[in-house]
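Residue-level listing of the chains:
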Amino acid sequence: NAGVMQNPRHLVRRRGQEARLRCSPMKGHSHVYWYRQLPEEGLKFMVYLQKENIIDESGMPKERFSAEFPKEGPSILRIQQVVRGDSAAYFCASSTYRVADTQYFGPGTRLTVL
Amino acid sequence: KQEVTQIPAALSVPEGENLVLNCSFTDSAIYNLQWFRQDPGKGLTSLLLIQSSQREQTSGRLNASLDKSSGRSTLYIAASQPGDSATYLCAVGMDSNYQLIWGAGTKLIIKP
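Attention here is on the structure that accompanies the text. As the structure is a computational prediction, the values presented were derived from the model and not from experiment.

Bringing the overall build of chain A into the picture now. Secondary structure assignment for chain A yields zero helices and eleven strands. Sequence-ordered secondary structure for chain A, helices as α and strands as β, is β-β-β-β-β-β-β-β-β-β-β. For 114 residues, the compact-globule estimate of 2.2 N^0.38 gives 13 Å, and chain A sits close to it at 13 Å. Dimensions of chain A, computed from the C-alpha atoms along their principal axes, are close to 35 × 25 × 25 Å. Surface summary for chain A: the accessible area is close to 5800 Å², and the carbon and sulfur share equals 47%. Each charge sign in chain A was given a centre, from 17 positive and 11 negative side chains, and these centres are 6 Å apart.

And the structure:
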């Protein structure tokens, strides 16, 4: 059973471009969580999704950021018109149940905005 | 609002020493607490999970304790090795909540 997969592992974008980050949850997991880790800081919750539904996006900036978890395929975190402050590591986690102690984490995508 | 603090931010010790990493939280109504390891440029590895009803958990050379009333957890590493060098993160799960609230981590360096 493969773990949580994220791609790309590293992504470089110029200011104003779009960034698309993908997360494939573990087999059988229907809950996906996205976290952002700024340099020298802890992770911050961004959004929680179930298949075809956004359950909680309270940690996600209102503008330029969006997330989806379609019926088929990976979850996508999309950042439009990236700025230098978006440079961070973005981690995805998945779980079978909606509780805090069953989340398995992917290796992260490191986004660098030039 | 729950806040999680880890002290120290960085720690460097000689190989073989026993050491303690600290994590404190402001709201004692937690569901559980986890310790993770993060290696440079890599993902997160869960080390130990302590439920709110437990006082400690052990795995090999690692021992994590939890004192809910005082809002503290410690991670004890015995007989440290260079391979233990990493950033150690503490994360709190709140009751009936799926969000994990994270400390900023302690960067540990074990000198050979």
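Take unusual backbone geometry next. The linkage connecting N7(A) with the following residue, P8(A), adopts the cis geometry, with an omega of -5°. Positionally, P8(A) belongs in the loop between β1 (5-7) and β2 (10-13). If you check the backbone angles, Q81(A) has positive phi at about 45° while not being a glycine. Within the element layout of this structure, Q81(A) appears in the loop between β8 (75-79) and β9 (88-95). The backbone of A79(B) sits at a positive phi, close to 45°, despite the residue not being glycine.

A few words on the environment of D84(B). All names here are of chain B. Inspection of the secondary structure assignment puts D84 in the loop between β8 (72-77) and β9 (86-94). C-alpha of D84 to C-alpha of R37: the two residues are 47 residues apart in sequence and 9.1 Å apart in space. In this view, D84 contacts R37, R61, I77, L108 and I110; residues no more than four positions away in its chain are not counted.

So, about the state of the cysteines. Inspection of the entire model under this criterion finds two disulfides over all chains. The partner cysteine of C23(A) in its disulfide is C92(A), sulfur to sulfur 1.7 Å. Between C23(A) and C92(A) the disulfide shows an S-S torsion of about -50°. By sign, it is left-handed. On the criterion of sequence distance, the pair formed by C23(A) in strand β3 (residues 19-24) and C92(A) in strand β9 is long-range, its members being 69 residues apart. Among the residues examined, C92(A) registers a relative accessible area of 0% and is labelled buried. Sulfur-sulfur distance for the disulfide between C23(B) and C90(B) comes to 2.0 Å. Residues C23(B) and C90(B) are joined by a disulfide whose S-S torsion is about -55°; by sign, that bridge is left-handed. With C23(B) in strand β3 (residues 19-25) and C90(B) in strand β9, this residue pair connects regions lying 67 residues apart in the sequence.

Attention shifts here to the packing of aromatic side chains. How two aromatic rings sit relative to each other is given by the distance of their centres and the angle of their planes. All names here are of chain A. The final tally for this structure, using the stated rule, is seven aromatic pairs over all chains. Both rings, one in Y35 and one in F105, keep their centres 5.6 Å apart while their planes meet at 40°; by these two values the pair is tilted. One end of the pair, Y35, is in strand β4 (residues 31-37); the other, F105, is in strand β10 (residues 104-105), with 70 residues separating them in the sequence. Take Y35 and F105: they sit in the same class, and that class is buried.

Residues and elements named next belong to chain A. Spatial strand order, β1-β3-β8-β7: four strands in an open sheet with antiparallel pairing. Both outer strands of the open sheet, β1 and β7 (65-68), are each paired with one neighbouring strand and no more. Mean inter-strand twist for the sheet, computed between neighbouring axes without regard to direction, equals 15°.

For the rest of this paragraph, the subject is the interface of chain B and chain A. Every contact between the two is made by 20 residues of chain B and, on the other side, 22 residues of chain A. The three residues of chain B that bury the most area against chain A are L44(B), Y98(B) and W102(B), which together make up 39% of that side's buried surface. Counting every contact that joins chain B to chain A gives zero salt bridges. Run the count over chain B and chain A and you get three residue pairs in polar contact (both at pLDDT 80 or more). Contributions of two or more residues to the side of chain B that touches chain A are made by β4 (30-38), β5 (44-51), β9 and β10 (100-102) of chain B. Here the side of chain B that touches chain A is built from residues that sort into nine nonpolar, ten polar and one charged.

Rules used throughout
- Residues numbered from 1 in each chain as written.
- Chains lettered and ligands numbered in written order.
- Predicted model: local features only at pLDDT ≥ 70, side-chain atom pairs only at ≥ 80, totals over all residues.
- Heavy atoms only, no water.
- Helix = DSSP H or I, 4+ residues; strand = E, 2+ residues; numbered from the N terminus.
- Rg over C-alpha atoms; globule rule 2.2 N^0.38 Å.
- Areas by Shrake-Rupley, 256 points an atom, 1.4 Å probe, with all protein chains shown as cover.
- Lys, Arg positive; Asp, Glu negative; His and termini not counted.
- Charge placed at Lys NZ, Arg CZ, Asp CG, Glu CD.
- Contact = heavy atoms within 4.5 Å.
- Disulfide = S-S within 2.5 Å.
- Buried < 20%, exposed > 50% of the residue type's maximum accessible area, 1.4 Å probe, protein only.
- Phe/Tyr/Trp six-rings, centres within 6.5 Å; stacked < 30°, edge-to-face > 60°.
- Pairing = 2+ DSSP bridges.
- Axes fitted to C-alpha atoms, helices over the stretch in contact; angles between N-to-C directions.
- Buried area = accessible area lost by both parts, 1.4 Å probe.
- Salt bridge = Lys/Arg side-chain N within 4 Å of Asp/Glu carboxyl O.
- Polar contact = N/O pair within 3.5 Å; in protein donor to acceptor, adjacent residues only side chain to side chain.
- Nonpolar A, V, L, I, M, F, W, Y, C, P; charged D, E, K, R; others polar.

By themselves these figures say nothing about function.
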